[in-house]
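Residue-level structural notes
Residues per chain, in single letters:
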There are 2 protein chains.
Amino acid sequence: MNTIKDLQILIEDAVTKLQYPLYPAELYEPITYILSVGGKRMRPALLLMACDLFDGDVKAAVPPALAIEVFHNFTLVHDDIMDNAPLRRGKVTVHEKWNPNVAILSGDVMLVEAYKLMMQVETTVLRQVLEVFSNTAVGVCEGQQFDMNFEQQDQVQIDDYLNMIRLKTAVLLGGALKIGALIGGASPVDADLLCSFGEKLGTAFQLQDDILDVYGDPDKFGKQVGGDIIANKKTYLLIKALELAGPAEKKELDQWLTATDFSVTDKVAAVTALYNQLDVRQYAEQAMQEFAAKAFDALDQISLPEDRKQYLRDFADGLMVREK
Amino acid sequence: MNTIKDLQILIEDAVTKLQYPLYPAELYEPITYILSVGGKRMRPALLLMACDLFDGDVKAAVPPALAIEVFHNFTLVHDDIMDNAPLRRGKVTVHEKWNPNVAILSGDVMLVEAYKLMMQVETTVLRQVLEVFSNTAVGVCEGQQFDMNFEQQDQVQIDDYLNMIRLKTAVLLGGALKIGALIGGASPVDADLLCSFGEKLGTAFQLQDDILDVYGDPDKFGKQVGGDIIANKKTYLLIKALELAGPAEKKELDQWLTATDFSVTDKVAAVTALYNQLDVRQYAEQAMQEFAAKAFDALDQISLPEDRKQYLRDFADGLMVREK
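Residues numbered from 1 in each chain as written. Chains lettered and ligands numbered in written order. Predicted model: local features only at pLDDT ≥ 70, side-chain atom pairs only at ≥ 80, totals over all residues. Heavy atoms only, no water.

Identification of chain A as Isoprenyl synthetase from Mucilaginibacter galii is taken from an unreviewed UniProt entry. Heading Cofactor (unreviewed entry) of the UniProt record for chain A holds this comment: "Mg(2+)". Database annotation for chain A, UniProt heading Sequence similarities (unreviewed entry): "Belongs to the FPP/GGPP synthase family." (UniProt positions renumbered as here; feature names shortened; annotations may be inferred.)

What follows is the structure in structure tokens.
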């Protein structure tokens, strides 16, 4: 078994070796650019790890792993246009560095390139792998659309939110693991269980992210603490708070949500105080634990030697206590 | 052999039966909308025709034919954003009816749905079909990028223009024919020859379109005669005229190209007079004939009974004398 770090390095190396045509430059330079901006290469590494778990040929799984990374970056390029984001991982976004048309079209070609990479698997698993990949891709698009819709809605239900983060974030982790498992020779049942493990863990991870935004250690948490509060982002915490708030709390929360001129520190402090009053952290942690438990439950059912399952458990534990 | 009209009707019927999920509505409604706006369904019909030519099972080729149509409509949705087009086939474009974000994301999901449809072929040809499809898709994206680049360039070379229209328009016709041929059981050589036939014919057809824009019968030509001239579109005629123009003609042409306040009728008449003076129509027709000849040359080499080749010749002739 390779460590996840080794696999991340393997992918990082393979990403730098990806070559695209020189012309038209506006189509291909953004691909190299966004892929060079980095990221942890966690999704492709998970695909390789899944293949490795079932004693598959990790080297043979590199092209489909790259497909997952190219696909993920395609979604970033298009999401950044839609979200009007100036920066991605601290660097100028593609639509800002070039223009929105370039970002649309180079994103499109990235999706096709992702399919081309994904096709580089044995013919015996080609159809299955492409089906998982396509369904994953549709799910990610649905997640992004729900996310944009929620921005415009006054009320969002917790279940709809959980479904949105599942689609937007977790299905790609599940899909990457399932594809890796299929390439590695796992049975369909085991591949599905590993997919479920990834999806549940991904959802738990996103819930943890919502919690850490408010309650994380500013020195350890990568982003600005309270960033979601400042941006009125409809996280699990805010949705739950709106659900639980009495008239007075609702009024205060609404005031902060509609305020246009405010002190950032005051807003974060006041909304956090309301969250504390309503115990929403506890609800969020409970939901997170439930998803983590479902992930471990799926893991327990996989037909793998105990040491390999333990390896996955350790990996998941490592994710779930991240920088708290 | 089915007639091309029969095949167009078959596809039209299959398009109306395509069903997508209800939610998120913003993701799926635009797909049904753009597909309902019509078009002649020529590309998918060509795929079916190619399958039919080689005595393949036309019904089995319907899903990949739909894939071609969904893919084509995906390119229309994204191109219309990039071109800032208000109308498509006389109806409001997706980004105008909804908004650009919806058009980006529903376009993305259409590309994935196209792959899902394209995968519905026998496993024996799955990889080949998907390779042709992916390469076609990349070509179409490259063509659109070159087209956008040319809009910004003062000078465009004739060969670059021919390559652009090949990519933007012709490779999809060639790809559709090749995929249909492969599904129909054609040999790789015959599939390539039919692909070449489609690509050359598609290029000839686009050159004819350039000519008809200026010299077509207004009653028969579907669009406004002179539309390309009014919009300063860099067609074969304009590029050739700029290449051949002496100093005086260049000056007059430049005046019309940079004019902001002008009579549409005067501009069309003046630029057409310049085209006549420089004989650009003759060059364009010669180029068109050369591509048509190459198409027929490829056709001659295909291993098919003479009556089927004659069918293809008649089909091509029908295209090439369209509404002149």
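Turning our eyes to something else, we now look at the environment of Ile211(B). Residues and elements named next belong to chain B. With respect to the secondary-structure elements, Ile211 resides in helix H9 (residues 188-215). Residue classification places Ile211 among the buried positions, given a relative accessible area of 5%. In the structure, Ile211 is positioned 90 residues away from Gln301 in sequence and 29 Å away in space, judged by C-alpha atoms. With residues up to four places along the chain from it excluded, the contact list for Ile211 reads Gly216, Leu237, Arg281, Ala284, Glu285 and Met288. (Helix = DSSP H or I, 4+ residues; strand = E, 2+ residues; numbered from the N terminus. Buried < 20%, exposed > 50% of the residue type's maximum accessible area, 1.4 Å probe, protein only. Contact = heavy atoms within 4.5 Å.)

Moving on, we get to the interface of chain B and chain A. It is common to report an interface's size as the accessible area lost on association of the parts. Counting residues at the interface gives 40 residues for chain B and 40 residues for chain A. In this assembly, chain B packs against chain A so that about 3500 Å² is buried in total across both faces, 70% of it on carbon and sulfur atoms. Taken together, the connections running from chain B to chain A amount to zero salt bridges. On inspection of chain B and its partner chain A, the count reaches 14 residue pairs in polar contact (both at pLDDT 80 or more). Counting residues per element, the ones that place at least two in the side of chain B that touches chain A are helix H2 (25-36), helix H4 (62-82), helix H6 (100-118) and helix H7 (123-152) of chain B. Per-class residue counts for the side of chain B that touches chain A are 24 nonpolar, eight polar and eight charged. (Buried area = accessible area lost by both parts, 1.4 Å probe. Salt bridge = Lys/Arg side-chain N within 4 Å of Asp/Glu carboxyl O. Polar contact = N/O pair within 3.5 Å; in protein donor to acceptor, adjacent residues only side chain to side chain. Nonpolar A, V, L, I, M, F, W, Y, C, P; charged D, E, K, R; others polar.)

Formed by 243 residues in total, the largest nonpolar core has its most connected members in Leu194(A), Phe197(A), Tyr275(A), Phe197(B) and Tyr275(B). Of all the elements, helix H8 (residues 158-183) of chain A adds the most residues to this core, at 15 residues. Contacts of Tyr275(A), omitting those with residues within four sequence positions, involve Val214(A), Tyr215(A), Ile229(A), Leu237(A), Leu238(A), Ala241(A) and Val280(A). (Core = buried A, V, L, I, M, F, W, Y, C linked by side-chain atoms within 4.5 Å.)

Glancing now at the relation of the copies chain B and chain A. The two copies are related by a screw operation: chain B maps onto chain A through 180° of rotation and 0.0 Å of translation along the axis, at an RMSD of 0.0 Å. Each copy turns onto its partner about a two-fold axis. Of the residues that chain B buries at the interface, 100% are likewise interface residues in chain A, meaning the two copies contact each other through the same surface. (Least-squares fit on C-alpha atoms with pLDDT ≥ 70 in both.)

Below, the discussion takes up the side chain of Asp80(B). All names here are of chain B. Position of Asp80 among the secondary structure elements: in helix H4. Asp80 sits in the buried class, given a relative accessible area of 4%. Discounting residues that sit within four places of it in the chain, Asp80 has contacts with Ala85, Arg88, Thr93 and His95.

Residues Tyr23(A) and Pro24(A) are joined by a peptide bond in cis, for which omega reads -10°. Tracing the chain through its elements places Pro24(A) in the loop between helix H1 (4-17) and helix H2 (25-36). Backbone geometry at Asp55(B) places phi at a positive 60°, although glycine is not the residue there. Relative to the assigned elements, Asp55(B) resides in the loop between helix H3 (42-53) and H4.

With that out of the way, let us pick up helix H1 (residues 4-17) of chain B. Residues and elements named next belong to chain B. Taking 1.5 Å per residue as the helical rise, H1 with its 14 residues ought to reach 20 Å, and the 20 Å between its terminal C-alpha atoms agrees with that figure. Turning to H1, its buried residues are Ile4, Leu7, Gln8, Ile11, Ala14 and Val15. For H1, the arc enclosing every buried residue in end-on projection is 125°, short of the 170-degree limit, so these residues lie on one face. Across H1 from its buried face, at more than 90 degrees, point the exposed residues Lys5, Ile9, Thr16 and Lys17. Residues of H1 that are buried sit in contact with H2, H3, H4 and helix H15 (306-320). (Expected span 1.5 Å × (residues − 1). Arc of directions from axis to C-beta.)

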